[in-house]
Amino acid sequence: MKSREEFEFEKIFRQYVRELYVFAVKIIEDDEMAEDVVQNFFIKLWFNRKAVRLDTSFRSYCYTAIYHESLNALRSRRRFEGIPDSIAAPVDIHKEMDRMDMRLKLKNAIHSLPERCRQIFVSACVEGYSYEEVALRYNLSVNTVKVQVSKAFRILREKLSEDGPLILFLVHLEKRLFCVNRY
Amino acid sequence: VKTDNFYNTLLDQVLRGKLSVGSPDFCKWLEESRENEERFNEELVLMAKEIETAERLDVEQLYKNILDGVNRNHLKRRIKRIMQYAAIVFLLLGVGGVAFFWDTDEPVPQTVLESNRPVVGNNLMTLILPEGEQVLLNRRDSLKQVEGGIDIIFENGCKQKYRTAAATSYNTLKTPLCCDFCLTLSDGTKVWMNALSTLRYPVAFSKNERTVYASGELYLEVAKDSKRPFYVILDSMKIEVLGTSFNINAYTDDNKIEVTLEKGRIRAYADHRIYDLLPDRQLRMNRLTKEVDIRSVKSVDYTLWKNGRYVFKGEPLCDVVKVLKRWYGIEFVFEKPEFEDMVFTGVVDKDEAIDVFIKRLSVTSKVECEKAGQKIWIRKK
């Protein structure tokens, strides 16, 4: 039987885990270590649950905690590898937090791309395959791949500019009513 | 005149969702130069990568890990509270008691053998001294190591001394069939050795590093010493340790080497590559192809042998009998090769006779086992 507290905790976990993970990966640049950082953060959150307030500053509290945990993880890895400690590049936490709206819009825009066009865009731009490799994989000419990629960028830009305000509105509505998974 | 900085903030505002991509100001900036458009596209790609990162995360697994961590921490907190009470009790007992127990003798580095398992048959451990002399050891013997030499104290109390040549020389310990035990090295590192395993360790560790050589199956709890890294050298791999517990499975008659980390952090050097391992991860290397993979495991499944149990979770019978052969020294013969792929799940208690396993296998599967001398035949019912 799940307690009420556990239920609330799981809801919060599901709501924030992915964006916090993205943030940790950005700082640490190591998927597994970032996963550990996020895991430790939520374990601590459970034990601090009575002290943490779920108000408007909660999200920024999460980001700040992940930021410090990530720096600690980086530091201990450097110590383990015998690399002298250096100052990490400063991160603007609020700038990172604000990227969520645009990320959601972009996700929708990518999903609205025609099937083949999306596949080529993802392989060439996101997964980092060269145009030659993508061409080989889909049995196309390199030129066709180039055309598809620029077509993808054109459609993305159109989608992002046309229904921008509407989605923005929906996102805020969703955030308040359902607390859904952000991705 | 609008400065470059202003456009930076325009792009910035768009990325932060504060300005629409379709706003006239931004469109004007985009169409101004090819360079601007490319910069915007680069930012889109960066963001698409972030989306991909988020989707790659196994949320369900992570949530399970968090619940596990929470439960473990609950226990730790309870123990901590009990320890606090214990500390108070000690304080009440008074400082006089502490002074009474105070030991002023400086500890002599020593290797201590211990085993809680009754001796089965005549299986004695062998200690090979640096000169090549072999000594059979009883389980309750203790090896006391003094600089440059070694004392072996037998169970019945009669003492025998073996002097070793130089401080850099190595002793070798070998376990026979049906024998496992635990020893503590002079630096405080605890080593559990399973049957048919070998450990070569220096009579005295050097000042800058601790190196041992191993084969077979061993579980190590390395004592922390940041000034002296601990190395375990296997036939085709080197493992660097900084205070941690992990399991090694590297029998030379097997194609695979398995290193499973329970706590801490280790680094493996194999085939000119470096692998860092996190807890509950297992590194597997194929000796022949040098292929390496790292997977998530429950490390306890791989270390229970030291507590007297083998755990098999859906493993093919041919792998299970390999493990049993090393413990019981019994050969299994499969009547049909397809029986080798049968999947076995279960626990084998090391104190049980092999007959228990045979009976269990016969009852729960479609095969029948028959024991004939040192061989067990597996055939169709």
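Residues numbered from 1 in each chain as written. Chains lettered and ligands numbered in written order. Predicted model: local features only at pLDDT ≥ 70, side-chain atom pairs only at ≥ 80, totals over all residues. Heavy atoms only, no water.

**A short note on the packing of aromatic side chains**
- In this structure the tally under the stated criterion is 18 aromatic pairs over all chains.
- Ring centres 6.3 Å apart and planes at 80° place the aromatic pair Phe-9 of chain A and Phe-42 of chain A in the edge-to-face group. Here the residue Phe-9 of chain A occupies a position in helix α1 (residues 4–28), and Phe-42 of chain A occupies one in helix α2 (residues 31–47), the gap between them amounting to 33 residues. Phe-42 of chain A carries the same exposure label as Phe-9 of chain A, and that label is buried.
- What makes Phe-42 of chain A buried here is its relative accessible area of 0%.
- Three or more aromatic residues joined by ring pairs make a cluster, and in this case those are Phe-9, Phe-13, Tyr-16, Phe-41, Phe-42, Trp-46, Phe-58 and Tyr-61 of chain A together with Tyr-63 of chain B.
- Over the aromatic face of Tyr-213 of chain B sits the side chain of Arg-200 of chain B, whose NZ or CZ is 4.9 Å from the ring centroid.
- The cationic tip of Lys-350 of chain B hangs over the ring face of Trp-327 of chain B; the distance from NZ or CZ to the ring centre is 4.4 Å. (Phe/Tyr/Trp six-rings, centres within 6.5 Å; stacked < 30°, edge-to-face > 60°. Helix = DSSP H or I, 4+ residues; strand = E, 2+ residues; numbered from the N terminus. Buried < 20%, exposed > 50% of the residue type's maximum accessible area, 1.4 Å probe, protein only. Lys NZ or Arg CZ within 6 Å of the ring centre and 35° of its normal.)

**Let's talk about a nonpolar patch on the surface**
Residues and elements named next belong to chain B.
- Together, Leu-75, Ile-79 and Met-83 make up a nonpolar patch on the protein surface, roughly 320 Å² of accessible area in all.
- Structurally, Ile-79 can be placed in helix α4 (residues 59–93).
- Of the residues examined, Ile-79 reaches a relative accessible area of 47% and is grouped as partly exposed. (Patch = residues over 30% accessible without salt bridge, like charges linked within 9 Å, V, L, I, M, F, W, Y side chains within 5 Å. Areas by Shrake-Rupley, 256 points an atom, 1.4 Å probe, with all protein chains shown as cover. Salt bridge = Lys/Arg side-chain N within 4 Å of Asp/Glu carboxyl O.)

**A short note on the interface of chain A and chain B**
- Contacts between the two partners involve 43 residues from chain A and, on the opposite side, 47 residues from chain B.
- Across the interface of chain A and chain B, roughly 4600 Å² is buried in total on both sides, 66% from carbon and sulfur atoms.
- Of all residues in chain A, Phe-47, Phe-80 and Arg-157 of chain A give up the largest surface area on contact with chain B, accounting jointly for 17% of the area buried on that side.
- Scanning the region where chain A abuts chain B turns up 11 salt bridges.
- A salt bridge links Arg-103 of chain A to Glu-50 of chain B; the shortest N-O distance between them is 2.7 Å.
- Counting across the chain A and chain B interface gives 12 residue pairs in polar contact (both at pLDDT 80 or more). (Contact = heavy atoms within 4.5 Å. Buried area = accessible area lost by both parts, 1.4 Å probe. Polar contact = N/O pair within 3.5 Å; in protein donor to acceptor, adjacent residues only side chain to side chain.)

**Re the packing of helix α5 (residues 115–126) of chain A against helix α6 (residues 131–138) of chain A**
Residues and elements named next belong to chain A.
- α6 packs onto α5 with a crossing angle of 140° between their chain directions and a minimal axis gap of 9 Å. As far as their axial angle goes, α6 and α5 are oblique. The interaxial crossing formed by α5 with α6 has right-handed handedness. Counted together, Arg-116, Gln-119, Ile-120, Ser-123 and Ala-124 of α5 and Tyr-131, Val-134, Arg-137 and Tyr-138 of α6 form the full contact between these two elements.
- Classifying every residue of the contact of α5 with α6 gives five nonpolar, two polar and two charged. (Axes fitted to C-alpha atoms, helices over the stretch in contact; angles between N-to-C directions. Parallel < 35°, antiparallel > 145°, perpendicular 65-115°, else oblique. Left-handed = near helix turned anticlockwise from the far one by under 90°. Nonpolar A, V, L, I, M, F, W, Y, C, P; charged D, E, K, R; others polar.)

**Observations regarding unusual backbone geometry**
All names here are of chain A.
- Positive phi, close to 60°, is recorded for Glu-29, a residue that is not glycine.
- You can see Glu-29 is positioned in the loop between α1 and α2.
- We note that Asn-139 has phi near 60°; this positive angle belongs to a residue other than glycine.
- By the secondary structure assignment, Asn-139 is in the loop between α6 and α7 (142–162).

**Things to note about the pattern of salt bridges**
- Counted according to the given criterion, the structure contains 40 salt bridges over all chains.
- Through salt bridges with shared partners, a single ionic network connects Asp-253, Asp-254, Lys-256, Asp-319, Lys-322 and Arg-326 of chain B.

**Quick look at the sheet that holds strand β23 (residues 367–372) of chain B**
All names here are of chain B.
- The sheet built from three strands is open, its strands ordered β21-β24-β23 with mixed pairing. Across the chains shown, the open sheet's two edge strands, defined by having one partner strand only, are β21 (331–334) and β23. Geometrically, the sheet is characterised by an average inter-axis angle of 25° between neighbouring strands, direction not taken into account.
- Summarising the sheet, β21 and strand β24 (residues 375–380) pair through four bridges and their orientation is parallel. Within β24, the residue paired with Phe-332 across the bridge is Ile-376.
- Contacts from helix α7 (residues 317–328) reach β21 and β24, with the element oriented near 160° to β21. (Pairing = 2+ DSSP bridges.)

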